[in-house]
Amino acid sequence: TLVIITSDHGEEIFEHGESIHQQPYEETSRVPLVFEGPGIPRGLRLPYVAELVDLMPTVLSLLSIPIPDHVQGDDLKPLFFGERPGAQVARVDGIRKDSLTFKSSLIVELEGRRWSYLNRVVREPEAEGGGFRIKDLGELYDLDGDADQRVNLVRKERAVAGRLAEDLLAWYAENDALAQRLGVSEPGTAVISEEEKRRLKGLGYVN
């Protein structure tokens, strides 16, 4: 049996002026990720950045099931056995279908420092680079020295902020291209079966 303990999000209690979980600061986007099962080393703590989207390819890998080409996320299994990750990055989507635009987030390790970049990304078909743009300068935090994300360094570290803004926009463009390739042109338009609807209703996600 393979057991995984995690959460879809944390909760904010006015650390950054809001409650519930509508802003992707550390208190909301940093969640536990624990693996237990055959062949998984016990007592191992990994300091790397990971995303929940990594769960599917990791589970498939641990169960020796081929990972389909279109599956997003990274297989974390090699990290359990001493391999170091390549690019360490995690992203949180803030675009909503109902025109509300919350902040999106990108956490990345650059040259030994872990940065958190937040901004609002809006869909704009005429915008360069894939139909998305950022709304303003955004926020940039050095997570190693400012884990509570209190000191916004976006004006002081403009080069880092600019690079991460480009990375965030590229991620949106990449996902948009994948959605079109899979036949899902807009968020929420995927067709689901009656059985899937029944299961979602049982979980309280749909009426």
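This section reports on the structure supplied with the text.

Cut-offs applied
- Residues numbered from 1 in each chain as written.
- Predicted model: local features only at pLDDT ≥ 70, side-chain atom pairs only at ≥ 80, totals over all residues.
- Heavy atoms only, no water.
- Core = buried A, V, L, I, M, F, W, Y, C linked by side-chain atoms within 4.5 Å.
- Buried < 20%, exposed > 50% of the residue type's maximum accessible area, 1.4 Å probe, protein only.
- Helix = DSSP H or I, 4+ residues; strand = E, 2+ residues; numbered from the N terminus.
- Contact = heavy atoms within 4.5 Å.
- Expected span 1.5 Å × (residues − 1).
- Polar contact = N/O pair within 3.5 Å; in protein donor to acceptor, adjacent residues only side chain to side chain.
- Salt bridge = Lys/Arg side-chain N within 4 Å of Asp/Glu carboxyl O.

Some words on the nonpolar core
Working step 1: Counting 19 residues, the largest nonpolar core has Val108, Trp115, Tyr117, Leu140, Leu164 and Leu168 as the members making the most contacts within it.
Working step 2: When contributions to this core are tallied by element, the ones reaching two or more residues are β6 (103–110), β7 (113–123) and α3 (158–181).
Working step 3: Looking at which element gives the most residues to this core, the answer is α3, with 8 residues.
Working step 4: Discounting residues that sit within four places of it in the chain, Trp115 has contacts with Leu106, Ile107, Val108, Leu110, Leu140, Tyr141, Asp142, Leu143, Leu153, Glu157, Val160 and Leu164.
Working step 5: Counting 7 residues, the second-largest nonpolar core is a separate cluster that includes Leu55, Leu62, Leu79 and Phe80.

So, α3
Working step 1: Helix length check: α3 (24 residues) gives 35 Å between terminal C-alpha atoms against 34 Å at 1.5 Å per residue, within 8%.
Working step 2: Looking at α3, one finds that the buried residues are Val160, Ala161, Leu164, Ala165, Leu168, Leu169, Trp171, Tyr172, Ala173, Asp176 and Leu178.
Working step 3: Looking at the buried side of α3, the elements it contacts are β5 (89–92), β6, β7, β8 (132–134) and β9 (139–142).
Working step 4: Backbone geometry just downstream of α3 places Gly183 in the positive-phi region, at approximately 85°.

Concerning the environment of His16
Working step 1: Locating His16 in the fold gives a position in the loop between β2 (12–13) and β3 (19–20).
Working step 2: Distance from His16 to Pro32, taken between C-alpha atoms, is 21 Å for residues 16 residues apart in sequence.
Working step 3: If sequence neighbours within four positions are ignored, His16 has contacts with Gln23, Tyr25, Glu27, Asp148, Gln149 and Arg150.
Working step 4: Polar side-chain contacts of His16 include one of 2.7 Å to the side chain of Glu27.
Working step 5: At a separation of 2.9 Å, a polar atom in the side chain of His16 contacts the main-chain carbonyl oxygen of Gln149.

Description of the pattern of salt bridges
Where charged atoms from two side chains of opposite charge come close, those side chains can pair.
Working step 1: One pass over the full model with this rule turns up 8 salt bridges.
Working step 2: Salt-bridge contacts for Arg123 lead to Asp176; the nearest nitrogen and oxygen are separated by 3.3 Å. Remark: Asp176 occurs in helix α3 and Arg123 occurs in strand β7; sequence separation between them is 53 residues.
Working step 3: Assessed through its relative accessible area of 37%, Arg123 is described here as partly exposed.

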